[in-house]
Structures are given as structure tokens and as C-alpha cells.
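Now for the letters of each chain:
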Amino acid sequence: AVLYDMGVIVNSLLMFSTQILFFGFGWLFFMRQLFKNYEVRNAMVQLVFSVMFALSCTLFELIIFEIVGIMDSSLRYFQWQMNLYLILTLLIFLVPLYTSHQLVLTIRMFQSRRWLSLAIWLLFVYLFWRLGDPFPMLSPRHGIFSIEQAISRVGVVGVTVMAVLSGFGAVNAPYTYMAYFMRDVKDSDIQTLERRLMQTMDMIISKKKRIVIMEKQSLKYSGSSPGVSRNSSGMGRVWGMFSGIVSNGGETLTLLHQEISALEELSRQLFLEVVDLHGVKERIAYSKTLKGRYFDLVGHFFSVYCVYKIFMCTINIIFDRVGKVGECYVYVRMYVHCSSSHLGSKVTSLLHAP
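Here the structure is a predicted model, which is why all the values come from computation and not from measurement.

### Some words on the side chain of Gln 79
Alright, step 1. By secondary structure assignment, the location of Gln 79 is in helix α3 (residues 73–105).
Alright, step 2. Look past the residues within four positions of Gln 79 in its chain and what remains in contact with it is Met 15, Gln 19 and Leu 62.

### Concerning the packing of aromatic side chains
Alright, step 1. In the structure shown here, the tally under the stated rule is 10 aromatic pairs.
Alright, step 2. Measuring from ring centre to ring centre gives 5.3 Å for Phe 30 and Phe 49, while their planes differ by 45°; the resulting arrangement is tilted. Taken together, the residues Phe 30 in helix α1 (residues 2–34) and Phe 49 in helix α2 (residues 43–68) connect sequence positions 19 residues apart.
Alright, step 3. A relative accessible area of 4% means that Phe 30 is categorised as buried.
Alright, step 4. Taking relative accessible area as the criterion, Phe 49 reaches 27% and is therefore assigned partly exposed.
Alright, step 5. Judged by centre distance (5.6 Å) and plane angle (65°), the rings of Tyr 294 and Phe 295 are edge-to-face.
Alright, step 6. In this structure an aromatic cluster arises from ring pairing among Phe 25, Phe 29, Phe 30, Phe 49 and Phe 53.
Alright, step 7. Here the guanidinium or amino end of Arg 153 rests over the ring plane of Trp 129, the centre of that ring lying 4.0 Å away.

### Observations concerning the packing of helix α5 (residues 147–177) against helix α9 (residues 290–318)
Alright, step 1. The contact between α5 and α9 brings their axes to 9 Å, and the two run at 145°. Considering only the axes of α5 and α9, their crossing is left-handed. For the pair formed by α5 and α9, the contact residues are Ala 170, Pro 174 and Tyr 177 on the first element and Phe 295, Asp 296, Gly 299, Ser 303 and Cys 306 on the second.
Alright, step 2. When the residues that make up the contact of α5 with α9 are grouped by side-chain class, the tally is five nonpolar, two polar and one charged.

### Details of a nonpolar patch on the surface
Alright, step 1. A surface patch of nonpolar side chains, amounting to about 420 Å² of accessible area, comprises Leu 14, Phe 60, Ile 64, Val 68 and Ile 70.
Alright, step 2. Ranked by residue count, the leading element in the nonpolar patch is α2, at three residues.
Alright, step 3. When you line up the elements, Leu 14 lands in helix α1.
Alright, step 4. Taking relative accessible area as the criterion, Leu 14 reaches 34% and is therefore assigned partly exposed.

### Points about the nonpolar core
Across soluble globular proteins, you tend to see nonpolar side chains buried next to one another.
Alright, step 1. One finds Met 52, Leu 55, Leu 59, Leu 84, Ile 87, Leu 88, Leu 90, Ile 92, Phe 128, Ile 147 and Ala 150 forming the largest nonpolar core, which totals 11 residues.
Alright, step 2. Taken together, the elements giving at least two residues each to this core come down to α2, α3 and α5.
Alright, step 3. If one sorts the elements of this core by residue count, α3 sits on top with five residues.
Alright, step 4. Setting aside its immediate chain neighbours within four residues, Ala 150 contacts Leu 88, Ile 92 and Phe 128.
Alright, step 5. Formed by 10 residues, the second largest nonpolar core is a distinct cluster that contains Met 182, Ile 190, Leu 197 and Leu 277.

### So, α2
Since there are 3.6 residues in each turn of an α-helix, residues three or four apart along the chain are aligned in direction.
Alright, step 1. When the terminal C-alpha atoms of α2 are compared, their 37 Å separation across 26 residues agrees well with the 38 Å that a helix rising 1.5 Å per residue should span.
Alright, step 2. Looking one or two residues beyond α2, the residue adopting positive phi is Gly 69, at roughly 95°.

### Quick notes on the packing of α2 against α3
Alright, step 1. Orientation of α2 relative to α3, taken along the N-to-C sense of each, is 155°, at an axis distance of 10 Å. It follows from the interaxial angle that α2 and α3 lie roughly antiparallel. Seen along the crossing, α2 lies across α3 with a hand that is left-handed.
Alright, step 2. For the contact of α2 with α3, the residue count by class is 19 nonpolar, four polar and two charged.

### Concerning α5
Alright, step 1. In this model, α5 (31 residues) spans 42 Å end to end at C-alpha, consistent with the 45 Å of a helix rising 1.5 Å per residue.
Alright, step 2. The set of residues buried in α5 consists of Ile 147, Gln 149, Ala 150, Arg 153, Val 156 and Pro 174.
Alright, step 3. Turning to α5, the residues buried within the fold contact α3, α4 (113–130) and α9.

### Examining the pattern of salt bridges
Alright, step 1. Counted by the stated rule, this structure contains five salt bridges.
Alright, step 2. We note a salt bridge from Glu 264 to Lys 208, for which the minimum N-O separation is 3.4 Å. Taken together, the positions of Glu 264 in helix α8 (residues 233–287) and Lys 208 in helix α6 (residues 187–223) put the pair 56 residues apart, joining distant regions of the chain.
Alright, step 3. Looking at Lys 208, the relative accessible area reads 41%, which means it is partly exposed.

Reading the values: the criteria
- Residues numbered from 1 in each chain as written.
- Predicted model: local features only at pLDDT ≥ 70, side-chain atom pairs only at ≥ 80, totals over all residues.
- Heavy atoms only, no water.
- Helix = DSSP H or I, 4+ residues; strand = E, 2+ residues; numbered from the N terminus.
- Contact = heavy atoms within 4.5 Å.
- Phe/Tyr/Trp six-rings, centres within 6.5 Å; stacked < 30°, edge-to-face > 60°.
- Buried < 20%, exposed > 50% of the residue type's maximum accessible area, 1.4 Å probe, protein only.
- Lys NZ or Arg CZ within 6 Å of the ring centre and 35° of its normal.
- Axes fitted to C-alpha atoms, helices over the stretch in contact; angles between N-to-C directions.
- Left-handed = near helix turned anticlockwise from the far one by under 90°.
- Nonpolar A, V, L, I, M, F, W, Y, C, P; charged D, E, K, R; others polar.
- Patch = residues over 30% accessible without salt bridge, like charges linked within 9 Å, V, L, I, M, F, W, Y side chains within 5 Å.
- Areas by Shrake-Rupley, 256 points an atom, 1.4 Å probe, with all protein chains shown as cover.
- Salt bridge = Lys/Arg side-chain N within 4 Å of Asp/Glu carboxyl O.
- Core = buried A, V, L, I, M, F, W, Y, C linked by side-chain atoms within 4.5 Å.
- Expected span 1.5 Å × (residues − 1).
- Parallel < 35°, antiparallel > 145°, perpendicular 65-115°, else oblique.

As C-alpha cells, then:
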């Protein structure tokens, strides 16, 4: 019993340490890879991403432990259940509720934003639950609010999202790495856009200076108005002229604010164009390297493969063919059958499991 308790403690420390390692790696991946050129002002997003990344990697780690035979089966089952509950809590409760709250914060016309965010989250939960109606997810063995019901719906959404991302990646990867789709960008084009951007920024600064000066003048004239009423009628007429100038200045201020808004929008578009041109230039320089030429060759191969898959899917739909196993499954099964190790037998049992 003492040895069993020590094994449980050691395995629990092993799982906790790997989760901390996965969390740190997810944190660095978020900062160094996903948002390396942007400033992250919301730490909650980074925290949720790192926790979800750590939990997902832990599930994959538990699958490896199951194949290799590391850790006690009861402890693996407990870790599996705990990770699933945490992932479902994040996916169904925390992430949608926080997303709805951030969405409501951008809407200024509503006063009770908490209730509105809660209503949006309840709508999401209702749609998420109704998502399982077309699929045979209910079973007499499991209740309505069991973990199987949530996992089945998350699986449907996950498979759909993965299919969309897979299709986008299959199209975007050749477009990104193939030299055929790269446009020619010269340094003169980038310099011209940068000059336009600097001119726009100078115009914005000058107009903002004019606004500050006009506001100071209007405050100065409005502050001297009580003494004017006690002066002569000639001074009153002079003050009337100044008041007309100030009223016209109010209209000028409105026009200046409108011009600044238009110029700021133009500056944002110019900045995005400059960044895009710099990115294209970096892609052209990268395509001339050995690694870039390798990705160009891989892009041609996957382009042909995508055309082949589209053609075969069209044939299967027209002639109502029954879907078969994929090529990756066939290759993995061939490798496993050629292997005679204990690991190969474990993988074979997982591949042929229902």
C-alpha cells in the first residue's frame, strides 16, 4: 500500500510538472509566434489559450502513456476525466461567456451589459444543445446532462472547424509559399507608400494643432465676455464681430474633426499596405533560399493533391460511392503491420478499435 501511494504521488507530480511545462510552452508560443508583432493588452486571452493548450497536450500525453504502458490505469483514467471536465468547462462556459462580454463592451447603446452578455451566452448554450438534434447522441446509458452529450457536440463542432481550417490551409499554403503567386515588389513602391503615410501623419498633426489653437482662442473670448457688456456700444459691436468669428470657428472645428477622422482612416489603410508590401518582399527573399525552394516544391505537390481530392470527391458524390479509409490510415497500418515491437501491437489495437 505504501509503494502504491508513493507511485500515485510520483505519477501525480509527473503529470503536474508536464502540465506546467505545456502551459509555459503555450504561453511562449502565444507571445513569440502568434502575436510576435502585436501588443497583447488582454492577459485573460493569453491565460485561457495557455491553459487550453496545456490540457490538450495532456490528453495527447495520456494517449502516449496508454500505448507505452506508463502510469497506473486508474490514475490515467482519473487524469483523463479531470482534463475532459476542465476542457468542457472552458469551451462551453468560460470562453463563450468571456467572448460575449467582450463583444458587449464594444456596444455603447446598452446600459445593462452584464445581462446582455449573459443573454448572448444563454443563446449560445441553446444553439449548442440544439446542434445535437440531427445526430444520434442520446443513449439510454447516459443522461441528458452527462459528459458524453457535451463531448459529442464539441466533437461535431471540432470536426467541422478542423475541416474548414484544413481546406483553408490546403489553399493558403501553396498561395503563401509558391513563387508563382508572388507579385513583384520594388523598393520604390514601398518608399512611395511610406512617403504618403508620413505626409498623411503630418497633415493629421497640423490639423490637431489648429484645433488646439482654436479651442484656446474660443476659451479666451468666452472668458472675456462678462466685461464687454459694461463697455460702450462701439465695443459691443466689436465683441459681436468676435462672437461671429467664434461661432464660425465652431463650424470649422467640426469640419477639422471630420477631416482628421478621414485622414486617420487613410493612414491606417496606408500602414496596412506598407506592412503587406514588406511581407511580400520578405516572402520573395525567403523563396530564394533553399528552404523556400523546398516549400515551393511541396506547394506544387499539394496543389496537385488538392485537385486530385476534389476530383475524387466529385466522382464519389455523383456516383454515390461509399467512403473508404484515407491514404494516411493505409500508410500507418502498413507501417504498423511491418513492425513487430510491443509498441506496434498497441498501435494496431488502437487503429482497429471501434
